[in-house]
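# A structural walkthrough
Okay, here's what each chain looks like letter by letter:
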Amino acid sequence: MAKIPVQFTLNGAEKAEFFDSGTTLLNALRDKIGDTSPKGGCHQGTCGACSVIIDGELRLSCLTLAETCNGAAITTTSGLSQGGVLHPLQRAFLDAFATQCGFCTPGMIMAAKVLLDHTPDPSRDDVVEALSGNICRCTGYEPIIQAVLTAARSNSQNAA
Ligand code: FES
Ligand code: FES
């Protein structure tokens, strides 16, 4: 199988890797690079557990070929905390009990981060829409929605 050279940044760190042609970004991140924060749920684009941010946009890593990521800036949930301090979204998820088994949580947080990056003061409907591609089998969604709204408020207070 052909090996494809790919250079990219992952959570700000430069990477240069060879990936087998056809390798999904999800498998590349988890199996080759060792970042297991994106989760493999459905592997067919329906659960959102594998969500990452590529060049500022929410993407499903199970449907993204690693070889298409040359030059990309990739962010995963692993890259959100800084110096051991949780990102406001991570803190809000913990405080709101918005994570139970935790399988959906990294994807939810990626989707929420893209929302807040583009819409710092979202409505509840904005949050519901932004998370509509992410499935959670545990929480009933309400704690997750509240966590995202809390993180947005926390961000705006910090910016004030
Ligand atoms: S694993 Fe990618 S959408 Fe479910
Ligand atoms: S916390 Fe278990 S799937 Fe969401």
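Residues numbered from 1 in each chain as written. Chains lettered and ligands numbered in written order. Predicted model: local features only at pLDDT ≥ 70, side-chain atom pairs only at ≥ 80, totals over all residues. Heavy atoms only, no water.

As named in an unreviewed UniProt entry, the protein is succinate dehydrogenase, taken from Mesorhizobium ventifaucium. The record held by UniProt for the protein lists under Sequence similarities (unreviewed entry) the comment "Belongs to the succinate dehydrogenase/fumarate reductase iron-sulfur protein family." (UniProt positions renumbered as here; feature names shortened; annotations may be inferred.)

## Examining the pairing of strand E4 (residues 57–60)
In terms of strand pairing, strand E3 (residues 51–54) meets E4 through four bridges, oriented antiparallel. Bridge assignment links Val 52 to a residue of E4, and that residue is Arg 59. The antiparallel hairpin formed by E3 and E4 contains two residues in its connecting segment, where Asp 55 sits at a positive phi of about 50°. (Pairing = 2+ DSSP bridges. Helix = DSSP H or I, 4+ residues; strand = E, 2+ residues; numbered from the N terminus.)

## Remarks on the sheet that holds strand E2 (residues 13–20)
Sheet architecture is open: five strands sit in the order E2-E1-E5-E3-E4, paired in mixed fashion. In this open sheet, the two edge strands, each paired with only one partner strand, are E2 and E4. Taken over all neighbouring pairs, the strand axes of this sheet differ in orientation by 40° on average, direction set aside. Its contacts with the sheet place helix H1 (residues 25–33) against strand E1 (3–10), E2, E3 and strand E5 (73–75), and it is angled at close to 105° to E2. (Axes fitted to C-alpha atoms, helices over the stretch in contact; angles between N-to-C directions. Contact = heavy atoms within 4.5 Å.)

## Observations regarding the domain arrangement of the protein
For the protein, the domain assignment lists domain 1 (3–79) and domain 2 (88–159). The straight-line distance from the C-alpha centre of domain 1 to that of domain 2 is 21 Å. Here domain 1 and domain 2 share an interface that buries about 1,200 Å² over both sides, 67% of which is from carbon and sulfur atoms. Contact with domain 2 buries area across many residues of domain 1, yet Ile 53, Leu 58 and Thr 77 alone supply 40% of it, more than any other trio. Between the two partners, domain 1 and domain 2, sit zero salt bridges. Counting residues per element, the ones that place at least two in the side of domain 1 that touches domain 2 are E3 and E4. When residues of the side of domain 1 that touches domain 2 are assigned to their parent elements, the largest contribution, three residues, is made by E3. Its residues placed into classes, the side of domain 1 that touches domain 2 shows five nonpolar, 10 polar and two charged. (Domains from an automatic or database assignment. Buried area = accessible area lost by both parts, 1.4 Å probe. Salt bridge = Lys/Arg side-chain N within 4 Å of Asp/Glu carboxyl O. Nonpolar A, V, L, I, M, F, W, Y, C, P; charged D, E, K, R; others polar.)

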